[in-house]
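Single-letter residue listing:
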Amino acid sequence: MAKPRTWGMLLAATAFSTQAFAQAPVEVDASQPAEATDSAATPPSSTQESVDVAMPGGIPTVTVVGRREREVQRETTQVITVLSSEDIARTGEGNIAGALGRVTGLSVVGSGFVYVRGLGDRYSLALLNGSPLPSPEPMRRAVPLDLFPTDVVASSLVQKTYSPNFPGEFGGGVINLTTLAIPRQPFFDVNLGVSGDTETTGQLGYDYYGNKYDWTGYGNRDTPPALAAFFASGQRISTGAVDTGEIASQLVTRSNGLVQKVGDVAPNFSGTLTGGNTWQLGDSELGVIATAGFNNGWRTRDNIQQTPASADLSVIDRDFRQVATENRAVANALLGVGYEFGEGNSLRWTNVYIHDTLKRTSLAEGRQNNTRPGADFSDQSTALYERELMSTQLTGGFNLEPLTVSTRASYSTSKREAPYELGIGYVRTNQATSPYGEYFINRLDNGNTGYADIAFSDLDEDLWSAGVDLTAQVLPRLVLSGGVDITDTQRDSTRREFQIVAPSTLPNYVAMLRPDYLLSRAVIEEYGIGLIETTETDPAFTASLRTEAAYAQFQAELMDGLELSAGARYEKGEQEVRPLQVFDTVTRSIAGTNIENDYVLPGATLTYKFHDDMQLRFNASKTIARPQFRELMFQLYFDPEYSRYYRGNPLLTDSEFFNGEVRYEWYYAPEQRFSAAGFYKTIDDPIEAFTGFTDNTPETSFANAPEAELYGVELEVQKYFPLGDLFANEFLGSRRAVVIGNYTFTDSKINVEDGDMVRVFGAAEQAASNIFRDGSQLTGQSDHLVNLQFGLENPNRLSQQTILLSYASDRVTSRGATGLPDIYESPGMRVDFVAREALNLFNTDLEAKLEIRNIFGRDYKEFQQRGPNTVFYNKYDVGTTFSASLTMSF
C-alpha cells in the first residue's frame, strides 16, 4: 500500500477518474508528434514517470505517478479500457469504430455502431470530450462511430461498470473519445494514402452522374421547383387539386435515372494535414492544434437477397441478385485551443466538423416465385445520403484547494439529407401470348408490371449540454464528489415518398423505354402520368429528449488495500415524439408518444488490493435505457447497410437494468496485465427488433420484450517477450514480441411467460409469444468474441509488424416474422496484417504503413435457417483490402 501522503494524491486522482473519468479520456501525450507518443519507441521500464490524464469536463490535468498510461486502468475504481494513440495506431484502423472492435467485449455492427457485451447500440453511450453528441441517423440517437477518423482522436476510453457521474442510460457501457489537445512541441504532419479491395477496385461497378461535385461529397441536390412549391403550399395530393404531372416531370432525368457501368472502379485515396504549436505566456501556456482530412472510397457488393414463402423455408419467394456500388466521401476538421494557467487551472475550446456522404447505385434482377411465378424482375436504385456533424465544446478546470471545480458546455448539430431516393422496376412476363412478353416493361402500376418511387428526406438535430462537477478531499482517506448536468436534444425528421403512376392506357411500347425517357416531360404530359404520396399520414416528426440530473458519491479507503466508491444519481427525463403538421388541413394523428420518468440510480464498486500487483473488484448498479428516436417514430426509413426498411413503434417504454460484476486483475510487469471477469445483467422491458413483410418486402420494427437476462465471462492478457536473448541477428534481436488477446463469452435469453403481452402500434395488444420466443437470444449478441494481436516491434524506434485476428460467432439481427425463425448474421473470423515503419529521407521523418484486411476473404451472411433449409437476406463476398499510406513530419 502507498504511504499515506502518496496515497492521498493517488486517491484524489482516482476520485477524479470515478467522478467523470470517461467524460474526457486519457491523453498520454497523444497530441505530440508520433515520435513523442509511440510507446513502441520507449523501452519498457519500471521507473516512475509522470502521466498526464485529462479529466472530465475540464478538470485540470492530474499527474499520476506510475508506469505509463496503462497504470491508469489499475488505479481507477472502475473497470475501464484505455486505447491510447499508439494502441489505435497498432490496429491500423481508419476510423475509431474499427479500433474499438478490438476491445474486450466490444463488437461493431453495421455502419459503425458499437455493441458492448452483446447489447445493442441503444445500450451504449458515446461521448466526445465528455459531452454527448447528436446523431445524423434517422430515428436513432446513437452516433455511428465510423464517422470519426482516427486522425482526430487522441485516445478512447471504455468504462463497463456504472458510476453515478455518468448519465443513467448505461446498459452496456460508455465510450468516450478524446480529441487532440495542447501539443508538447510544435509539429506539422502530412499523410497520404491509397487503398483498394479485390471485390471493387479495378472491377465492374455502377454509378450515376448526379453532378460533377459528387466526388467531393458536396454534390448538392436542390429540390425541384414544382416539388418545392408543393411542399410550401401545404396541400395534399389526395385532394386532387395538385398538378402532379408537372411535379413528376421534374423528378427523373439522365442525372439520376440513368445507371452507368464503371468498367474499372478507381482506387480509394485519402489525405490529412495535422499541426500544432504552444506558446509560453509568462507562467501560462497557450496551445493550438488543428487537423483537416479528406478521403474518397468505393465499395461494390454482389449480393444475394431472398425472402421465404413457407414456414419451413423450403420455398423461396423473392430471389434476387443485387449489385450495388457505393462511393463514400468524408471530410473532417478539428480546431482545438487550450490555455493552462496558475496551479492546475485550464480552459479548452474544441471544434469538430465531419461531413460524410454516401452515393449509392444498384441494379438487381430476380424472381418473386410466390407472388408472380415465371416473371423476371429488374430493379434499379440511385440515392445520395449526406450526413454532417458539427460540435463546439468549452471546458474549464479550476483548482480551488481543497476543492476542484470542473465545468463543461457544448453545442452540437447534425443533419442528414437524402434527396432523390429513386427506385424503378421493370417486369418481363415471358408469356408467349404477349408480343412484349420477352421484353422488360414498366407500366408504372405500383409493382404489378413495374413501378417507380422517389423519396426526399431531411433530418436536423440540435443538442445542448452543460454540467458542473465538484471534488474535495475532506479527509486523508475520503474524497467526496458531486455534480449536476443537463442535456436537451431536439430533432426534426421529414420523409416524403411518392409513387409515380400511369393510367392503364399506357402503351407497352412506351413502357419499354429506359427510365429517363419513360419519365420525361413529353411522355408524362402525353399519357397523363402523375403522383401518389404514400407518406401523407405521417410525413414528418419532431422529437425531443431533455434530462436533468444530480449525483453524489464518495471514495474511501475502508482499511489498508480495501477501497469503496459508491453513490447515487437522480435523473429526470422527458422524451417526446409527435407528428409535425405539414399540411394546411389539420388531421389528428395518434402516432406520437410522451415518456416522462425519474429514477434514482445507485452504483458501487469495492476494490480489494490483496497483493502489490493483484486486485479484485466487485460492482453493482442500477441503470436504464430509453427508446431511441428511430424506435419511436412511426416513419419508414431505408438502411442502405442492410438494404432494409425500418419503422418505429410509438408504444415503447424505458428499459431498466440491474448490473453486477466481479473482476480479478494482475499487473505482473510494466505495460502487461491479465484480467478475468464475470458479469450478470437483468433487463426489464428490453427493446428488441422484429421483422415482418409489407408487400413481400422485409420491414423491421421494435417492441418491448417482457424480460431478459445476460451473463458472461471476459478474459484479457497483454504480454511482451524480449527477443534479444533468443536471436543474434539484428532484425529479431532488437525487437520484442507482443501478444494481446481477449475473449468474451456471453449468453442471454428472453423470458416469456403465459399472460405476457406486447404492444405494437397499429395492432391490438397481443401475446408476447407472437413475437418473442422464450429462451431466445437478445439481438446483436454473439456467444463468442475473440481478438488476438501477434506482433513484433522495436522498442527503440517505430517498427511494428502485427497480425490481428478477430472472431464473432453468429448473432441475431432481428426476430423473425410470426412462425419463422430469427434472422442471424455470421461475422465469422477475420485476419488482418498491419506494418508500420519509421524512416528518414532527405532529413524528413516519415512513417510508412501497409495494411492487408480480411486476408482470407471472409464473406458476409445474414440468414434464416430451419433444418436443412436456409434463406439468405444478404449474402456477399467482402473481399481483401490492401492499403498503403505515408506520413511526413516537418
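Structure: see above.
Predicted model, so just to flag it, every value in this text is computed and none were measured.

Caption draft 1: Up close: the environment of N659. Here N659 is to be found in strand β28 (residues 655-669). A C-alpha to C-alpha distance of 6.1 Å links N659 and K622, two positions 37 residues apart in sequence. The residues contacting N659, other than those within four sequence positions of it, are F170, G171, N619, A620, S621, K622, T623, Y680 and K681. A distance of 2.9 Å separates the side chain of N659 from the side chain of K681, its partner in a polar contact.

Caption draft 2: Here's a closer look at the nonpolar core. Core analysis: the biggest nonpolar cluster contains 34 residues, and V577, I750 and F772 have the highest contact counts within it. Counting residues per element, the ones that place at least two in this core are β22 (540-559), α12 (629-632), β29 (672-684), β30 (687-694), β31 (697-704) and β32 (707-722). Filtering out sequence-adjacent residues up to four positions away, F772 remains in contact with E688, A703, N704, A705, P706, I750, V752, V758 and R815. Core analysis: the second largest hydrophobic core is formed by 30 residues, I247, V252, Y420 and A502 among them.

Caption draft 3: Looking closely at the sheet that holds strand β9 (residues 173-179). Ordered by their spatial adjacency, 5 strands build an open sheet running β3-β8-β9-β6-β7, and the pairing between neighbours is mixed. One side of each edge strand has no neighbouring strand; the edge strands of this open sheet are β3 (80-83) and β7 (131-132). Here 4 bridges tie β3 to strand β8 (residues 153-159), and the two strands are oriented antiparallel to one another. Looking at the pairing, V82 lines up with L157 of β8.

Caption draft 4: Main features of the sheet that holds strand β27 (residues 644-646). Strand order in this open sheet of 4 strands is β26-β27-β31-β30, and the pairing throughout is mixed. Each edge of the open sheet carries a strand with a single partner, namely β26 (637-639) and β30. Neighbouring strand axes in the sheet, compared pairwise and without regard to direction, differ in orientation by 35° on average. Where β26 and β27 come together, 3 bridges link them in antiparallel fashion. Counterpart to D639 in the pairing with β27 is R644.

Caption draft 5: Here's a closer look at the pairing of strand β23 (residues 562-579). Pairing geometry for β22 and β23, over 18 bridges, is antiparallel. Bridging from a neighbouring strand, A556 pairs with L564 of β23. Connecting β22 to the next strand, β23, in antiparallel fashion are 2 residues, including G561 with a positive phi near 85°. Across 16 bridges, the pairing between β23 and strand β24 (residues 593-611) is antiparallel. Counted as the bridge partner of Y570 is V600 from β24.

Caption draft 6: Geometry of the packing of aromatic side chains. A full pass over the atoms with the stated rule returns 20 aromatic pairs. Seen in terms of ring centroids, F269 and F294 are 6.1 Å apart; in terms of plane orientation they differ by 45°. Their pairing is tilted. Pair noted here: F269 is in strand β13 (residues 268-281) and F294 is in strand β14 (residues 284-308), with a separation of 25 residues, a long-range link. In this structure F269 comes out as partly exposed when scored by relative accessible area, which is 37%. When its relative accessible area of 21% is taken as the criterion, F294 is described as partly exposed. Taken together, the ring pairs connect Y608, F610, Y664 and F674 into an aromatic cluster. Over the face of the ring belonging to F320 we find R318, whose NZ or CZ atom lies 3.8 Å from the ring centre. Across from the ring centre of F731, 4.0 Å away, lies the NZ or CZ of R735, which sits over that ring.

Caption draft 7: Layout of a nonpolar patch on the surface. Taken together, L400, L403, V468, L470 and V484 make up a surface patch of nonpolar side chains, about 370 Å² in accessible area. Assignment of secondary structure puts L470 in strand β19 (residues 451-475).

Caption draft 8: Up close: the side chain of T361. With respect to the helices and strands, T361 occurs in strand β16 (residues 345-368). With relative accessibility at 0%, the residue T361 sits in the buried group. If we ignore the near neighbours within four places in the chain, the residues touching T361 are Y206, D207, Y208, V259, V323, A324, T325, S381 and T382.

What counts and how
Each residue is numbered by its place in its chain's sequence as written, counting from 1. Reporting in this predicted model follows two pLDDT cut-offs: at least 70 for local features of residues, and 80 or more for side-chain atom pairs to be given and counted; totals over whole chains, interfaces and linings ignore these cut-offs and use all residues. Each side-chain value is worked out from all heavy atoms of the structure, with water and hydrogens disregarded. Put simply, DSSP H or I for four residues or longer makes a helix, DSSP E for two residues or longer makes a strand, and each gets a number counted from the N terminus. Residues count as neighbours in contact if any of their non-hydrogen atoms are within 4.5 Å of one another. Side-chain atoms alone can form a polar contact between residues adjacent in sequence; in general such a contact is a pair of N or O atoms within 3.5 Å, and within protein one must be able to donate a hydrogen while the other accepts it. Think of a nonpolar core as a cluster: buried Ala, Val, Leu, Ile, Met, Phe, Trp, Tyr and Cys residues, connected wherever their side-chain atoms sit within 4.5 Å. Burial here depends on accessible area, computed with a 1.4 Å probe over protein chains only, as a share of the maximum for the residue type. Under 20% is buried, over 50% is exposed, and the range in between is partly exposed. Note: two strands are recorded as paired if DSSP finds a minimum of 2 bridges between them. To get an axis, a line is fitted to the C-alpha atoms, and for a helix only the part in contact is used. The angle between two axes follows their N-to-C directions and goes from 0 to 180 degrees. Pairing of aromatic side chains here covers Phe, Tyr and the six-membered ring of Trp, requires ring centres within 6.5 Å, and sorts the geometry by plane angle: under 30 degrees stacked, over 60 edge-to-face, intermediate tilted. Put simply, a charge is over a ring when the Lys NZ or the Arg CZ is close to the ring centre, within 6 Å, and near the line of the ring normal, within 35 degrees. Surface patches are defined over residues having more than 30% relative accessible area and no salt bridge, joining like charges when they lie within 9 Å and nonpolar side chains (Val, Leu, Ile, Met, Phe, Trp, Tyr) when within 5 Å. Note on areas: these come from Shrake-Rupley sampling with a 1.4 Å probe, and a residue is covered only by the protein chains present in the view. Any carboxyl oxygen of Asp or Glu that lies within 4 Å of a side-chain nitrogen of Lys or Arg is treated as forming a salt bridge with it.

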